[in-house]
Amino acid sequence: MTTTYETFLDYANRADPYPLFPQLRRTPVARQPDGSYVVSTYREIVALLHDPRVSSDLRNLPEIANIRIAPDDAAPQLPPEFIRRDPPDHDRLRAMVMKHFGPPGAPGRVAGMESRMREIITELIDGLAGRSRIDVVDDFAYPLPVTVICEMLGVPRPDEPLFHKWSQIAVETNDPTTGTIVERNRRRFETLAKLGQYLDGLADAHQREPGDDLLSALVTDGEMARPDVLSTAALLLIAGHETTVNLIANGMLTLLRHPHVLERLRQDPGYAVNVVEELLRYEPPIHMPGPRRTALADIEIAGTTIPQGSVIVLVLASGNRDPARFADPDRFDPDRRDNQHLGFGGGIHYCFGAPLARLETRLALTELTRRLVEPRLVADPPPYRHTPNLRGPLHLLLDIDGIRSAHSASTQ
Amino acid sequence: MRVVVDLTKCQGYGQCVFAAPDVFRMPHHETLMYELDPDETKRDQVLRAAAACPVRALLLDEEITERQEKASAGNPDIGRIVIVGASLAGLRAAATLRREGYAGALTLIGDEPGEPYDRPPLSKQVLSGQIAAADTMLPRRDELDAEWIRGVAAVGLDLAARQVRLADGRAVGYDRLLIATGVRARPWPDPQEAALDGVSVLRSRQDAAELRRRLASGPRVLVIGGGFTGSEIASVCRELDLPVTVAERGPAPLVGALGGVVGRIAADMQRENGVDLRCGVTVTALEGDRDGRLRRARLSDGSVLDVDLAVAALGAVRNVEWLDGSGLAAGAWGVGCDAGCRAFDVNGIVCDDVFVAGDVARFPHPVYGYQFLTLEHWGNAVSQAHVAAHNMISPSGRLRPHLSLPVFWSAQFGVNIKSVGVPTFADEVAIVQGSVEERRFVAVYGHRGRITAAVTFDEAMWLDFYRDLIERAAPFPPDFAMVGRSAPPRAVPAEIPARIPAIHDATVVVTGHNPDERRATLVSAGAK
Ligand SMILES: Cc1cc2nc3c(=O)[nH]c(=O)nc-3n(C[C@H](O)[C@H](O)[C@H](O)COP(=O)(O)OP(=O)(O)OC[C@H]3O[C@@H](n4cnc5c(N)ncnc54)[C@H](O)[C@@H]3O)c2cc1C
Ligand code: HEM
Ligand code: SF4
């Protein structure tokens, strides 16, 4: 018998998984045939995000800890990135990067990137001039965050095709339908090793000639061991690649499905702040983080005991639609109060890049709605990417009647 | 515009700092310092910060009264509600009344001039000079549609006539009364010494402005009392690079609230930060010069300190004198009430029309063996005010109990200290996560084998987990495997000092023989 969770993983339901969630939530903590536990209700997800008995370090499972990638492989295996580590290492590593990215060390850094982001956005939209059909994903939602993360990290943009495929493979290894957890992690280690090898060369170059980018900061301040620098850079590169693109694309799709919201945003750019938060609830780019949490002890929750050693899967997107927490949860309503969504997770692994993603998406959606003339969906639903974890359109084709000039007034 | 952060909710995600770096600052791991009254040019930033906060801890002007969803929660007998004490608890109660649909007359009586303000920043951002004392106003409540009587104290209560008497001779009638008169700083006991120029306390906005003015001139400072307020003052002194001595009667700072084990950690923190900490001593005299300026302090160990400024941080005195002779069970211990916030009269019977909330309240907490607690916590004032307001306009069958576990925070020496539960209700304590050396850890308190409290130093994200354990009466010590645990936890005595509750000072005589005549009379309401 297929469980609701397995049905949800099925690609056939990618375009609209939401009708499955009520059934999924009927068992808030549901054991799966592979022994993992799937959590789908808001309260239980929040509790587990803050539960110190939940580890994010898969090396707790001997079969993962024992993975050694082929020694003849030229690229050395990297230590797990901090998203896959527990305190105190997690906290220490995260703080070492935060020092260069946000408070207390660099509180204004992200806000300071706004003008450069605007420049990139303007360029990308200007480039659409003369077109009557565009792909929001390829023409805009992908290149924007990639350019931003590359510039921030200090990775040459022209190298992007090189690591794009590694990034995609790494993301796919989160997808439970692509093999056992051991197979997937082995693939992940191999891919990250290759990415790490590329980044190692780059790190050397930055050490010799530092710029004002994050990689330069990490190698020159010398706090973090090189293998951790490489894991961290790989994590940021992948996270910056595969998430914001979905928020922007999901955002345009949702706005086009709710023309009154789109119109209001056109009239009032300030509305974008609430639109972005509601998108993170209603169409979150990460439906569930990759299965990397395990129980360090038996955990009793919602009438179920998750036995020690079990893999735990948190379906954030389902928690976001839990009627016990959000009134009328299937309604897209940027005016919603008290929108404590789970789009960026919670607890110590709360999204590191959230401020960046929020800023990019706010500017992106404001500009797209302001400048695209009469945008219309070509296909609804659009085709989706394969993975159920990081869910978003593969392409989002729009017909438009042209673009407004970058300097035109924000209304009409 | 005005903003206040509910720091009991805040978990230190820093998203507000990213969104509004000109308004919010996070100078260390998770202590949050912010402007309460940023100018209009920062409005967009603040709105973005409010939307980005993962736990929605920011309260802004316009969000105070949510849409009045229910129409007038109709109890036709309630035409006039009076709130005495127009500070945090009073204001929050008023907002809740309106939000829950109360449409009748509402009067707030407060003896302080000006609009209500937030006190926690006084010993933090204000003393350090980041914001002015005047810029601590709580978000606006104009839409409360209330009558404000400001700068006038209530001086008496007539329960039978349902009237509050004011200092200016007026009498204000009520159908429901909320008592939210809070506490004041316990003054230095010798009035002549207390009157010296350079001897002060910290409770009000004026106190803070005055202290700030003095700190700016670079004095040598003596803080008398190593509780939370005293420790925070000492912390700001060090931040300003001023020499400061803390004289604490107990064996370490914060012992009264957190016990000896965590107190010793606080002591180390003070010394590492350059505080001249002296424990096990009392200040026996404060001496001035001919002009009445403070010059010296004498300590019980015989030492003499040259100081220019002495701050008495000796705890609080409850503002209950106005209730003398009113027939309520009010005294040095506060105003007694039930878990539904209904005041007790001297006979120990609850009144249906008088309610209590905030620092002045003394209430039984079921989780703590129904013991009566007084809490001087921001979060308690807020949650108790909500419950009191709800109950004031609800029929007796729909009363809510004030059951929320106490949550407290304090920012000192760069560390955000938070607690949930009642740490003094404990016999043992164990460090269960993190590292004491790094000043990032979780201490869990236990009483007779169950968890009763948790204290975090820069680990606020875990606090809710322990709150749930307390609510489930989980066994102590928590012995399951956890992330961030360096060694198996070892339970040690918590070293909670014995305290004689002020209620022991009450002297009551009982008169009458027939069941209908027997009455209690409060003869003495305790030492003030
Ligand atoms: C310096 C300082 C720092 C603090 N820091 C923290 C902190 O970090 N964390 C935390 O949790 N809590 C902190 N607190 C405690 C917190 O501020 C209080 O718990 C909160 O203010 C309680 O609110 P309240 O409305 O019950 O009482 P109060 O704020 O004391 O208000 C009572 C009001 O009633 C008025 N009043 C008294 N008698 C009368 C009368 N007869 N007639 C009319 N009006 C009267 C008073 O003047 C006052 O305005 C701090 C307090 C201070 C002073
Ligand atoms: C809209 C875009 C984004 C979304 C929805 C998103 C979502 C998330 C979520 C849900 C988590 C928690 C994972 C977990 O708990 O298992 C997370 C973690 C993380 N994200 Fe994002 N993310 C986004 C953009 C970014 C960007 C742009 C970056 C890089 C700059 C980034 C870097 C990270 C990192 C490093 C972590 C791990 C944090 C930790 O373990 O402490 N994210 N993200
Ligand atoms: S929890 Fe909210 S208020 Fe606290 S630091 Fe984070 S964003 Fe700011």
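- For chain B, the name recorded in an unreviewed UniProt entry is Ferredoxin reductase, with Nonomuraea terrae as its organism.
- Turning to chain B, the UniProt annotation filed under Cofactor (unreviewed entry) states: "FAD".

- Per an unreviewed UniProt entry, the recorded name for chain A is Cytochrome P450, and the organism is Nonomuraea terrae.

**A few points about the overall build of chain A**
- A tally of regular secondary structure across chain A gives 17 helices and 10 strands.
- In summary, chain A has a C-alpha radius of gyration of 21 Å against a globular reference of 22 Å for 412 residues, a match within 12%.
- Principal-axis analysis of the C-alpha atoms gives chain A an extent of 60 × 55 × 40 Å.
- Expressed as a percentage of its 412 residues, the buried residues of chain A come to 61%.
- The contacts of chain A with a sequence gap of at least 6 include a subset with a gap of at least 24, amounting to 74%.
- As displayed, chain A offers around 15,500 Å² of accessible surface, 52% of which is attributable to carbon and sulfur atoms.
- Between the averaged position of the 46 positive side-chain charges in chain A and that of its 56 negative side-chain charges there is a distance of 2 Å.

**Section: the interface of chain A and chain B**
- The partner chain B presents 32 residues to the 36 residues of chain A that form the contact.
- A buried area of about 2,900 Å², summed over both sides, lies between chain A and chain B, and 64% of it is on carbon and sulfur atoms.
- For the side of chain A that touches chain B, the elements supplying multiple residues, two or more each, are β3 (54-55), α5 (89-98), α15 (272-282) and α17 (354-371) of chain A.
- Among the elements that make up the side of chain A that touches chain B, the one with the highest residue count is α17 of chain A (4 residues).
- Grouping the constituent residues of the side of chain A that touches chain B by class yields 18 nonpolar, 9 polar and 9 charged.

**A closer look at the site of ligand 3**
- As a matter of local geometry, ligand 3 sits amid 14 residues, with Cys10, Tyr13, Gly14, Cys16 and Cys53 of chain B nearest to it.
- For the shell around ligand 3, the residue count by class is 10 nonpolar, 4 polar and no charged.

**Things to note about the state of the cysteines**
All names here are of chain B.
- Counting across every chain of the model gives 0 disulfides over all chains.
- Left unpaired, Cys351 is separated from the closest cysteine sulfur, that of Cys337, by 11 Å.
- For Cys351, a relative accessible area of 11% corresponds to the buried category.

**Some remarks on the packing of helix α8 (residues 143-153) of chain A against α17 of chain A**
All names here are of chain A.
- Remark: α8 packs on α17, axes separated minimally by 11 Å, with the N-to-C direction vectors making an angle of 140°. One element, α8, and the other, α17, form an angle in the oblique class. Note that α8 runs across α17; the crossing there is right-handed. Facing Leu144, Pro145, Val148, Ile149 and Met152 of α8, the residues of α17 in contact are Leu356, Glu360 and Ala364.
- Split into classes, the residues belonging to the contact of α8 with α17 amount to 7 nonpolar, no polar and 1 charged.

**Brief notes about the side chain of Ser235 of chain B**
All names here are of chain B.
- Note on placement: Ser235 falls in helix α7 (residues 228-239).
- Among the residues examined, Ser235 registers a relative accessible area of 8% and is labelled buried.
- In this view, Ser235 contacts Gln412 and Phe413; residues no more than four positions away in its chain are not counted.

**Focus on the packing of helix α13 (residues 244-257) of chain A against α15 of chain A**
All names here are of chain A.
- Closest axis-to-axis distance for the α13/α15 pair is 10 Å, and the angle between their directions is 100°. With respect to each other, α13 and α15 are oriented roughly perpendicular. Each of Leu247, Asn250, Gly251, Thr254 and Leu255 in α13 lies in contact with α15, whose residues at this interface are Val275, Val276, Leu279, Leu280 and Tyr282.
- Of the residues in the contact of α13 with α15, the class split is 7 nonpolar, 3 polar and no charged.

**As for the coordination of the iron atom of ligand 2**
- Inspection of the coordination sphere of the iron atom of ligand 2 shows a single protein donor, Cys351 of chain A (SG), at 2.3 Å.
- Residue placement: Cys351 of chain A occurs in the loop between α16 (316-319) and α17.

**A short note on the domain arrangement of chain B**
All names here are of chain B.
- Considered domain by domain, chain B is made up of domain 1 (3-67), domain 2 (80-182 + 319-393), domain 3 (186-316) and domain 4 (414-493).
- Each of domain 2 and domain 3 was reduced to a C-alpha centroid, and the two centroids are 30 Å apart.
- Buried surface at the junction of domain 2 and domain 3, summed over both partners, amounts to about 1,400 Å²; 57% is from carbon and sulfur atoms.
- Run the count over domain 2 and domain 3 and you get 2 salt bridges.
- Across the salt bridge formed by Glu232 and Lys124, the nearest N and O atoms sit 3.0 Å from each other.

**Focus on the site of ligand 2**
Residues and elements named next belong to chain A.
- In the vicinity of ligand 2 there are 29 residues, among which His90, Arg292, Arg293, His349 and Cys351 approach most closely.
- Side-chain polar atom of Arg292 to an oxygen atom of ligand 2: 2.6 Å apart, as the coordinates give it.
- The residue makeup of the shell around ligand 2, split by class, is 18 nonpolar, 8 polar and 3 charged.

**Quick look at the confidence of the model for chain B**
All names here are of chain B.
- Overall, the prediction assigns chain B a mean pLDDT of 93, with 96% of residues at 70 or greater.
- Note that residues 64-72 has pLDDT below 50 and, in this model, 22 contacts with residues that lie over four places away or in other chains.
- Model confidence for the complex is summarised by a pTM of 0.95, with the ipTM given as 0.94.

**As for the pairing of strand β8 (residues 154-158) of chain B**
Residue and element names in this part refer to chain B.
- For β8 and strand β9 (residues 163-166), the ladder comprises 4 bridges, and the chain directions are antiparallel. Paired with Leu157 across the bridge in β9 is Val164.
- Joining the antiparallel neighbours β8 and β9 is a turn of 4 residues, in which Arg162 adopts a positive phi near 50°.

**Here's the deal with the pairing of strand β30 (residues 428-435) of chain B**
All names here are of chain B.
- One ladder, built from 7 bridges, connects β30 with strand β31 (residues 440-447); its direction is antiparallel. Bridging from a neighbouring strand, Gln433 pairs with Val442 of β31.
- Counting the residues in the hairpin turn of β30 and β31 gives 4 residues, including Arg439, whose phi is positive at 60°.
- Inspection of the sheet shows β30 paired to strand β33 (residues 492-493) by 2 bridges, in the antiparallel sense.

Criteria and thresholds
- Residues numbered from 1 in each chain as written.
- Chains lettered and ligands numbered in written order.
- Predicted model: local features only at pLDDT ≥ 70, side-chain atom pairs only at ≥ 80, totals over all residues.
- Heavy atoms only, no water.
- UniProt positions renumbered as here; feature names shortened; annotations may be inferred.
- Helix = DSSP H or I, 4+ residues; strand = E, 2+ residues; numbered from the N terminus.
- Rg over C-alpha atoms; globule rule 2.2 N^0.38 Å.
- Buried < 20%, exposed > 50% of the residue type's maximum accessible area, 1.4 Å probe, protein only.
- Contact = heavy atoms within 4.5 Å.
- Areas by Shrake-Rupley, 256 points an atom, 1.4 Å probe, with all protein chains shown as cover.
- Lys, Arg positive; Asp, Glu negative; His and termini not counted.
- Charge placed at Lys NZ, Arg CZ, Asp CG, Glu CD.
- Buried area = accessible area lost by both parts, 1.4 Å probe.
- Nonpolar A, V, L, I, M, F, W, Y, C, P; charged D, E, K, R; others polar.
- Near = heavy atom within 4 Å.
- Disulfide = S-S within 2.5 Å.
- Axes fitted to C-alpha atoms, helices over the stretch in contact; angles between N-to-C directions.
- Parallel < 35°, antiparallel > 145°, perpendicular 65-115°, else oblique.
- Left-handed = near helix turned anticlockwise from the far one by under 90°.
- Donors = N, O, S within 2.8 Å, 3.2 Å for Na, K, Ca; no water.
- Domains from an automatic or database assignment.
- Salt bridge = Lys/Arg side-chain N within 4 Å of Asp/Glu carboxyl O.
- Polar contact = N/O pair within 3.5 Å; in protein donor to acceptor, adjacent residues only side chain to side chain.
- pLDDT = per-residue confidence, 0-100.
- Pairing = 2+ DSSP bridges.

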